[in-house]
Amino acid sequence: MTWVIWNVRGINKIYKQKELKIYVQNKQIKLAGFLETGVKENRANRVFKNILPGWEIQSNYHNAINGRIWLTWDPKVYCIDVEKTDAQVIHCTVRGRRDGFEAYLTLVYGFNTVEQRKALWSNQNDISAQVAKPWIIGGDFNAMLYTQDRMYGNLVAMSEMVDFSDCIHNLFLNELAWKGEYYTWSNKQQGDDRILSRIDRVFGNDLWMTNWGHVCTEYNVPLISDHSPMLLNIKSMRSTTKPPFRFFNVWTDHKEFGNIVMTIWNKRLAVDDMENVRKKLKALKPLFKRLNADEYKGITKRIEDARSDLVTVQEKMQNQYSDSLLEQEKQTLQQLEKWSLIEESIMQQKSRVKCVKLGDSNTKYFSAIVKERSHRNQILELITEDGRKVNSQVSIKEEFIRFYKNLTGTSTKTLPAINKK
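Bear in mind the structure is a predicted one, so any value in this text is a computation, not a measurement.

Novice: Got a minute to help me understand the overall build of the protein in this structure?
Specialist: When its secondary structure is counted, the protein shows 11 helices and 18 strands. Evaluated residue by residue, the protein yields a buried proportion of 43% over its 421 residues. Restricting the contact set of the protein to residue pairs at least 6 apart, pairs at least 24 apart contribute 58%. Accessible area of the protein: about 24600 Å², with a carbon and sulfur share of 50%.

Below, the structure is given as C-alpha cells:
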C-alpha cells in the first residue's frame, strides 16, 4: 500500500484539487498526510469530498487556524485511531484491515521559528514515552539537520539545527532510506534569489526499522506545490539473499580460538605466499562457523535462561538462605553478565556503531541499525541500458550478470556506469 506525506501549499484552487485527485489515483495511494492545505474549516468537508470521495479525514482545525494538517485514508484499507493533535502534530495508530499491519504514525508540520518549534520537539518526547510499536514520523519539519540542507540564501546556523538534532538522537530515530532529489523545497525564485532546502523528512524508531526498514522514502517532483511529495510503499519484503561470512571479535576470547587458528596457520597450502594466506583464511571459515554454532548460538535464549535461574535462586534464598545458594547466585550473575556483553558486542559490531559504550543495554538499538543497514545495502530496483525497470531479485541478478559479461574482453576509453540514483 502506498502512502504520501506532502506539503501541498494550498489547495483552494479548483485545478489544484483536480491535480491532487489525479495524483492520488495514479499513485494508488491509500493513506495521505496533506500539510498547509489553506482550506478554511467551513469549506473543508466540501473540498475534501471533491478530492477523495469515500475517504475519511482527521484534521487539527481546533488547534490551528485553517487546519494545518489533514490526515486522510481509505477506510476499506485502514482503520485509524487518532491519539493526539496539536498545531504541529497529528499522532495516530494505523491498522490494516486486510494484512494485520499496525504502527504509529505522526504527521508533522513544524512552525517557522526556532522558539515555536520547541513545543514540537517536546511533544515528540512525550509521544515516544508512550510508544511500544513501530513508529514512523514524517512531514515538513521547517528545520534542517545538517549545514548542507540549504543551498543559496543564508548559511544554516547551529541554532537552527540543534533542537531537531537532539530530538532525533535522544529518541534513537533513524531517517528512512530515500531516493530522489536531495532538496525538497524551493522558493520558486530565479537567479540569485533562488533558495533550496531539505526540510521534508521521514524517520522511524527502532521497531519500525526492525520490521519495516526496507520501506524507502521516494521524493517526487513538486508538481502543484513548492514541496516534493514523499511516497512510502508499505509492503512486506522477504529476502532470499544468503548472508556473508562475518568474523566476530568475541571469538578471540574463547579458550580454543588460538588452537583453531594454529591448526591451519602452521600448514603450507600453496607455493605462492599470497595464495597460501588466501587458502588458510578460507580453510578457517568452516572452523569458525562451527565454533559459533557450538558456543554462541542462541545467545538470547541463554540470557533468558540466566535471568530465570537468577530469579529461582534468589527466591530460594528468601525462603531459606545457604552459602551454596549464595555461590550459585554469584555464578548465575556472572553468566548473565557474560552473555549480555557478548550479545551487545556482536550487535555493536554488526551495526558499526562505536559511539555507544558496551554495557549500556543498547541491544535493541544496535539491532535496528543492523536492519536499517541491511535494507539500505539491498538493491530493490534497476534501470537497464534499454530503459526497462526491473525490480525482482531474479531480474536484478540477471541484469548484473549481463552487464558485466558484456564488459568482458572489451576495450574502450569510456565505460557505461551504474547510475546510483
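Novice: For this particular structure, what's the right way to read the pairing of strand β5 (residues 78-85)?
Specialist: Where a strand is regular, its side chains alternate between the two sheet faces. Relative to strand β6 (residues 89-96), β5 runs antiparallel, the two being bridged by seven bridges. Pairing of Cys79 across the sheet is with Arg95, part of β6. Hairpin geometry of β5 and β6 is characterised by an intervening segment of three residues between the two adjacent antiparallel strands.

Novice: Explain the packing of aromatic side chains here, please?
Specialist: The relation between two aromatic rings is expressed through the spacing of the ring centres and the mutual angle of the planes. Across all of its chains, the model carries 25 aromatic pairs by this definition. Ring geometry for Phe247 and Phe288: centres 5.5 Å apart, planes at 75°, overall edge-to-face. On the criterion of sequence distance, the pair formed by Phe247 in the loop between β16 (230-233) and α6 (257-265) and Phe288 in helix α7 (residues 273-295) is long-range, its members being 41 residues apart. On the basis of relative accessible area, Phe288 is assigned to the buried category, the value being 6%. Look at Phe400 and Tyr404: their rings are 6.5 Å apart centre to centre, the planes differ by 5°, and that puts the pair in the stacked class. Here the residue Phe400 and the residue Tyr404 both occupy positions in helix α11 (residues 393-407), the gap between them amounting to four residues, near one helical turn. What makes Phe400 partly exposed here is its relative accessible area of 25%. Overall, Tyr404 belongs to the partly exposed group, its relative accessible area being 42%. An aromatic cluster is present here, built from Trp3, Tyr78, Phe101, Trp208 and Trp212 joined pairwise through their rings.

Novice: Would you explain the sheet that holds strand β9 (residues 150-151) in this entry?
Specialist: The strands making up a sheet associate through backbone hydrogen bonding, with each pair oriented either parallel or antiparallel. One open sheet holds the three strands; their spatial order is β9-β13-β12, and the pairing between them is antiparallel. At either margin of the open sheet sits one strand with a lone partner, and together these are β9 and β12 (185-186). Note that β9 and strand β13 (residues 196-197) share two bridges and pair antiparallel. Looking across to β13, one finds that Met151 is bridged to Leu196.

Novice: How should I be thinking about the pattern of salt bridges in this particular structure?
Specialist: Where charged atoms from two side chains of opposite charge come close, those side chains can pair. Summed over all chains, the structure comprises 17 salt bridges. As a salt-bridge pair, Arg9 and Asp226 come within 2.4 Å of each other at their nearest N and O atoms. In this pair, Arg9 sits in the loop between β1 (2-7) and α1 (14-26) while Asp226 sits in the loop between β15 (217-219) and β16, placing the two residues 217 residues apart along the sequence. For Arg9, a relative accessible area of 39% translates into the label partly exposed. The partner of Glu160 in a salt bridge is Arg150, and the shortest N-O contact between them spans 2.8 Å. Residue Glu160 is located in helix α4 (residues 158-170), and its partner Arg150 is located in strand β9; the two are separated by 10 residues in the primary sequence. A cluster of three or more residues bridged by salt bridges with shared partners is formed by Asp81, Arg95, Glu102 and Lys133.

What counts, and where the lines are drawn
- Residues numbered from 1 in each chain as written.
- Predicted model: local features only at pLDDT ≥ 70, side-chain atom pairs only at ≥ 80, totals over all residues.
- Heavy atoms only, no water.
- Helix = DSSP H or I, 4+ residues; strand = E, 2+ residues; numbered from the N terminus.
- Buried < 20%, exposed > 50% of the residue type's maximum accessible area, 1.4 Å probe, protein only.
- Contact = heavy atoms within 4.5 Å.
- Areas by Shrake-Rupley, 256 points an atom, 1.4 Å probe, with all protein chains shown as cover.
- Pairing = 2+ DSSP bridges.
- Phe/Tyr/Trp six-rings, centres within 6.5 Å; stacked < 30°, edge-to-face > 60°.
- Salt bridge = Lys/Arg side-chain N within 4 Å of Asp/Glu carboxyl O.

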